[in-house]
Amino acid sequence: MRHHYHRIHPRLRGVHGLSPRDFPAGTLAPAQILTAYGFKQNQFAGASPIKLGIGSLGGGVVQQDIDNSVQAWGMAAPKLTVRTIGGAVNDPTSDQDSNVENMLDIVPTMAFAWWWLTGTPADITITFGPNANGGMQAVTSDLVAAGVQVASWSWGSAADTWDPSERAALSKVFAAAVASGICFCAAAGDNSIDDGTTTPCTDYPCSDPNVWAVGGTHLSLAADGSRASESAWGDGNPGDEGGGGGYDPTVPVPSWQAGVVPTDAPGRGVPDTAANADPNSGWQMSANGQWTVVGGTSASSPFTAALIAAAIGFAKATGKGLATPSIYAAGENGCFDITTGSNGDPATPGWDPATGLGTPRGANFTDALIAWAKGVAPTPAPTPSPSPTPPAPPPASPASVTLAQAQAWATQGVNTGGFFMTRTQAAARASSGLAENWPSSEET
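For the structure given in this document, a descriptive report is provided here. Keep in mind that this is a model prediction, so the values were computed, not measured.

The subject of this paragraph is the overall build of the chain. Along its length, the chain carries 10 helices and 18 strands. In the chain, buried positions account for 51% of the 444 residues. Once local pairs closer than 6 in sequence are excluded, the contacts in the chain between residues at least 24 apart make up 81%. Carbon and sulfur atoms provide 55% of the accessible area of the chain, an area that totals close to 18700 Å².

To continue, consider the pairing of strand β4 (residues 79–84). For β4 and strand β5 (residues 123–128), the ladder comprises 6 bridges, and the chain directions are parallel. Across the sheet, the residue bridging to Thr84 is Phe128, located in β5. For the crossover that starts at β4, traverses helix α3 (residues 96–118) and ends in the parallel β5, the hand is left-handed.

Its 23 residues give α3 an end-to-end C-alpha distance of 31 Å, which sits within 8% of 33 Å, the value for a rise of 1.5 Å per residue. The principal kink in α3, of about 35°, is found at Leu104, preceding the proline Pro108 by one to four residues. Extensive coverage of α3 is indicated by the burial of 21 of its 23 residues. At the N-terminal end of α3, a side-chain oxygen is found 3.2 Å from the backbone nitrogen of Asp97, two or three residues along, and the residue is Asp95. At the exit of α3 stands Gly119, carrying a positive phi of roughly 80°.

Time to look at the side chain of Thr217. Assignment of secondary structure puts Thr217 in strand β10 (residues 212–221). Owing to a relative accessible area of 0%, Thr217 belongs among the buried residues under this scheme. Among the polar contacts made by the side chain of Thr217, one reaches the side chain of Glu230 at a distance of 2.7 Å.

The next thing to look at is the packing of helix α4 (residues 135–145) against helix α5 (residues 164–179). Viewed as axis vectors pointing N to C, α4 and α5 meet at an angle of 15°, and their least axial separation amounts to 9 Å. Between α4 and α5, the angle is such that the two are roughly parallel. Of the two possible hands of crossing, α4 and α5 adopt the one that is left-handed. Contacts between α4 and α5 pair Met136, Gln137, Thr140, Ser141 and Val144 from the former with Ala169, Leu170, Val173, Phe174 and Ala177 from the latter. Across the contact of α4 with α5, the residue classes break down as 7 nonpolar, 3 polar and no charged.

On to the layout of surface pockets, then. Taken as a whole, the second largest pocket holds about 160 Å³ of empty space. Looking at the lining of the second largest pocket, its residues break down into 6 nonpolar, 2 polar and 2 charged.

Next up on the list: the nonpolar core. Across soluble globular proteins, nonpolar side chains have a tendency to be buried as a group. Counting 73 residues, the largest nonpolar core has Leu34, Trp212 and Phe303 as the members making the most contacts within it. With 13 residues, the top contributor of residues to this core is α3. Contacts of Leu34, omitting those with residues within four sequence positions, involve Phe39, Phe112, Ala113, Trp116, Leu117, Phe303 and Leu307. Within the second largest apolar cluster, 24 residues are counted, among which are Leu57, Leu143, Val148 and Phe184.

Within this structure, the stated rule accounts for 5 salt bridges. Here Lys51 and Asp123 are joined by a salt bridge, their closest N and O atoms 3.5 Å apart. In this pair, Lys51 is assigned in strand β3 (residues 51–56) and Asp123 in strand β5, connecting sequence segments 72 residues apart. Given the relative accessible area of 28%, Lys51 is considered partly exposed. What makes Asp123 buried here is its relative accessible area of 14%. In this structure, the salt-bridge partner of Arg83 is Asp142, at a minimum N-O distance of 2.8 Å. With a gap of 59 residues between them, Arg83 in strand β4 and Asp142 in helix α4 connect regions that are remote in the sequence.

Moving on: the state of the cysteines. Linking two cysteines covalently via their sulfur atoms produces the bond known as a disulfide. Across all of its chains, the model carries 0 disulfides by this definition. No disulfide involves Cys183; its nearest neighbouring cysteine sulfur is the one of Cys185, lying 4.7 Å away. The exposure class of Cys183 is buried, given its relative accessible area of 3%. Cysteine Cys206 shares no disulfide, and the gap to the nearest cysteine sulfur, in Cys201, comes to 9.7 Å.

The rules behind each value
Residues numbered from 1 in each chain as written. Predicted model: local features only at pLDDT ≥ 70, side-chain atom pairs only at ≥ 80, totals over all residues. Heavy atoms only, no water. Helix = DSSP H or I, 4+ residues; strand = E, 2+ residues; numbered from the N terminus. Buried < 20%, exposed > 50% of the residue type's maximum accessible area, 1.4 Å probe, protein only. Contact = heavy atoms within 4.5 Å. Areas by Shrake-Rupley, 256 points an atom, 1.4 Å probe, with all protein chains shown as cover. Pairing = 2+ DSSP bridges. Right-handed = clockwise from strand over helix to strand, strands pointing away. Expected span 1.5 Å × (residues − 1). Bend = angle between axes of the 7 residues up to and from the residue. Polar contact = N/O pair within 3.5 Å; in protein donor to acceptor, adjacent residues only side chain to side chain. Axes fitted to C-alpha atoms, helices over the stretch in contact; angles between N-to-C directions. Parallel < 35°, antiparallel > 145°, perpendicular 65-115°, else oblique. Left-handed = near helix turned anticlockwise from the far one by under 90°. Nonpolar A, V, L, I, M, F, W, Y, C, P; charged D, E, K, R; others polar. 1 Å grid on protein atoms, 1.4 Å probe; cavity = no way out; pocket = protein on both sides within 12 Å on 5 of 7 lines; lining within 4 Å. Points joined across faces, edges and corners; volume = space filled by probe spheres on them. Core = buried A, V, L, I, M, F, W, Y, C linked by side-chain atoms within 4.5 Å. Salt bridge = Lys/Arg side-chain N within 4 Å of Asp/Glu carboxyl O. Disulfide = S-S within 2.5 Å.

Here it is, written out as structure tokens:
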């Protein structure tokens, strides 16, 4: 069996050695991104602890990067557990590019987002495994065994390049994780819809039906820090740099995507959602001891995992099954719909292969997850009530009648009878005369 090596999905802006006050215009600190998406600091204060997980196939943990971030941002240092499997080691001297990946996963996206939303240190487990056949399966199984509740993979490769047996083995692990109530997110890739090949191809494991696939956008802020605009990350060409996406024909369209992806979709559509990933609006962070700017769906995936974890912690409950359908059930209110830009497929209204359903819409996004965690069925959008039918006007009051008129009409009625009448007959004639002449309710 040939060795199958996986790629990391971060994109460096090409700047390093910066100070926290000297970042390029348009790049963003983690707090700015959270604020732009409508989240408030400490809005999930009181959340129960949630074990977060990260899978890695290279490099190591750079403590200086954690220290730099704690000092610059005032965040609580994460509680970090490091595990190794399959002969892998935690070695930051072995692969500095992978170090960037590891620190992007740990600090600005996952640890910071959890701390900023809950006010407590993130509890993160990172497992290192070999970048070879079976490596991702071993790491994923180890994270499940470690008791993580929400985890993220920023490694992967084009679905077409996987050995079928290796992919099938990993898919079983994801299915078992979902059965245990664990949610895995995965990056959609950074090579647009071709994913580094010559034809449209999704990345795997993001296209697994038991994984929440996360794509990428370019986020711009207004002067007041609010979200000004957002577009799909990419230059419109299928083989260039940009968020991954598309369809996996080996995976049937999941039930929760039916009616959302196009009716002629050849298989599972990815991504499910997206978040800021363009290096030009990239995440400011410390990597290999220096401040730099990094983008990629390696940022959007662990960031989304942190949002899911915060929602579960705030709900103080564990969702059953796959979390992904909850955001589809939320409809258009759960995400900011991205309708501009292209990764080779244009962003359009509704779900699309460029950005999925869109990017997190603050509390609407997490409310859907909180309901899922509590086992509450999603509340359908209210059906507009029909315009009320005006009630029929009450009958108009009869026109006023004088005593003299009433006496005259009664007399007319009596006079229609014979000369000799009983009292009963005279009364009936009088009533008849009154009824015949009395004005109707329409008369005035």
